[in-house]
Amino acid sequence: EGGGGRARETCRRESGEAGFAGLGQLGRHRRYSQSVPSIGQALQLDPSADVRLQAAAILGQLSRDDVAVTDEVKPVIGQLVTALLAEKDSNVRRETATALGRYGELSKSGVLALTNTLKDMEPATRAAAAEALGRIGPEARTAAPVLVPLLKDDDKTVRRFAVFALARIAPE
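Colleague: So what's going on with the nonpolar core? Which residues, and what values?
Modeller: Grouped together as the largest cluster of nonpolar side chains are 44 residues, with contacts concentrated most on Leu 43, Leu 59, Leu 80, Leu 114 and Leu 147. Mapped onto this core, the elements with two or more residues apiece are α3 (32-45), α4 (49-60), α5 (69-86), α6 (90-102), α7 (111-117), α8 (123-136), α9 (144-147) and α10 (156-169). Setting aside anything within four residues of it in sequence, one finds Leu 147 in contact with Leu 118, Ala 130, Ala 162, Ala 165, Leu 166 and Ile 169.

Colleague: Give a detailed account of the environment of Asn 116, specifying residues and quantitative values.
Modeller: Structurally, the position occupied by Asn 116 is in helix α7. What makes Asn 116 partly exposed here is its relative accessible area of 39%. For the pair Asn 116 and Leu 85, spaced 31 residues apart in sequence, the C-alpha to C-alpha distance is 8.3 Å.

Colleague: If you had to explain the pattern of salt bridges to someone new, which residues and values would you point to?
Modeller: Enumeration according to the criterion identifies five salt bridges in this entry. Across the salt bridge formed by Arg 126 and Asp 153, the nearest N and O atoms sit 3.1 Å from each other. Residue Arg 126 is found in helix α8, and its partner Asp 153 is found in the loop between α9 and α10; the two are separated by 27 residues along the sequence. Like Asp 153, Arg 126 is buried. With a shortest N-O distance of 2.8 Å, Glu 131 and Arg 135 are connected by a salt bridge. In this pair, Glu 131 and Arg 135 are both assigned in helix α8, four residues apart and thus about one turn of the helix distant. For Arg 135, a relative accessible area of 38% gives the class partly exposed.

Colleague: So what's going on with the packing of α6 against α8? Residues and values would help.
Modeller: At a closest axis distance of 8 Å, the pairing of α6 and α8 adopts a crossing angle of 15°. One way to sum up the angle between α6 and α8 is to call them roughly parallel. In this structure, the crossing between α6 and α8 has a hand that is left-handed. Contact residues: α6 offers Ser 90, Arg 93, Arg 94, Ala 97, Thr 98 and Gly 101, while α8 offers Ala 124, Thr 125, Ala 128, Ala 129, Ala 132 and Arg 135. When its residues are assigned to classes, the contact of α6 with α8 shows five nonpolar, four polar and three charged.

Colleague: Give me the environment of Leu 100: which residues, what numbers.
Modeller: Among the structural elements, Leu 100 can be located in helix α6. Taking the C-alpha atoms as reference, Leu 100 lies 8.7 Å from Ile 136; in sequence the two are 36 residues apart. Residue contacts for Leu 100: discarding those within four places in its chain leaves Ile 77, Leu 80, Val 81, Leu 84, Ser 107 and Leu 114.

Colleague: Let's hear about the packing of aromatic side chains: which residues, and what values?
Modeller: One pass over the full model with this rule turns up one aromatic pair. When the centroid spacing of 6.2 Å and the interplanar angle of 90° are considered together, the rings of Phe 161 and Phe 164 count as edge-to-face. In this pair, Phe 161 and Phe 164 are both assigned in helix α10, three residues apart and thus about one turn of the helix distant. Looking at Phe 161, the relative accessible area reads 15%, which means it is buried.

Conventions adopted
- Residues numbered from 1 in each chain as written.
- Predicted model: local features only at pLDDT ≥ 70, side-chain atom pairs only at ≥ 80, totals over all residues.
- Heavy atoms only, no water.
- Core = buried A, V, L, I, M, F, W, Y, C linked by side-chain atoms within 4.5 Å.
- Buried < 20%, exposed > 50% of the residue type's maximum accessible area, 1.4 Å probe, protein only.
- Helix = DSSP H or I, 4+ residues; strand = E, 2+ residues; numbered from the N terminus.
- Contact = heavy atoms within 4.5 Å.
- Salt bridge = Lys/Arg side-chain N within 4 Å of Asp/Glu carboxyl O.
- Axes fitted to C-alpha atoms, helices over the stretch in contact; angles between N-to-C directions.
- Parallel < 35°, antiparallel > 145°, perpendicular 65-115°, else oblique.
- Left-handed = near helix turned anticlockwise from the far one by under 90°.
- Nonpolar A, V, L, I, M, F, W, Y, C, P; charged D, E, K, R; others polar.
- Phe/Tyr/Trp six-rings, centres within 6.5 Å; stacked < 30°, edge-to-face > 60°.

The structure is reproduced here in structure tokens:
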């Protein structure tokens, strides 16, 4: 099993720098599909925001080679949605929203969590949530009333992604 097995074990039992290093090892060994449950647990339960941030980034970078889209991506999306709803750290929320956006319409179960994230204090997090909703497309139509006020946000990037999202979810 090599380094990937040690990395998964590190993720399971340790946090902080060791957990962060363990997640990084998973990336180097490309053993994501076998490690998704452990990475999801790190995202949801690890006390270190750095580890949760790295876990969200890894879950957002899974490819069709890493998981079978029809079978294995649903639990990944579920883990991301659960984490987004519970997460206190804005940077982790931003990365989790970005990860959900990478799955496009498959992330439709995350629309409510992403809509709530549009109210984040950090502009980068609001922008990531808006972009993710846009990538989900028409399935995110319920977010439109919360996106419209972002067209007047003080932050240019938030405004840009609000336009992007509104164009993608309600193109008419």
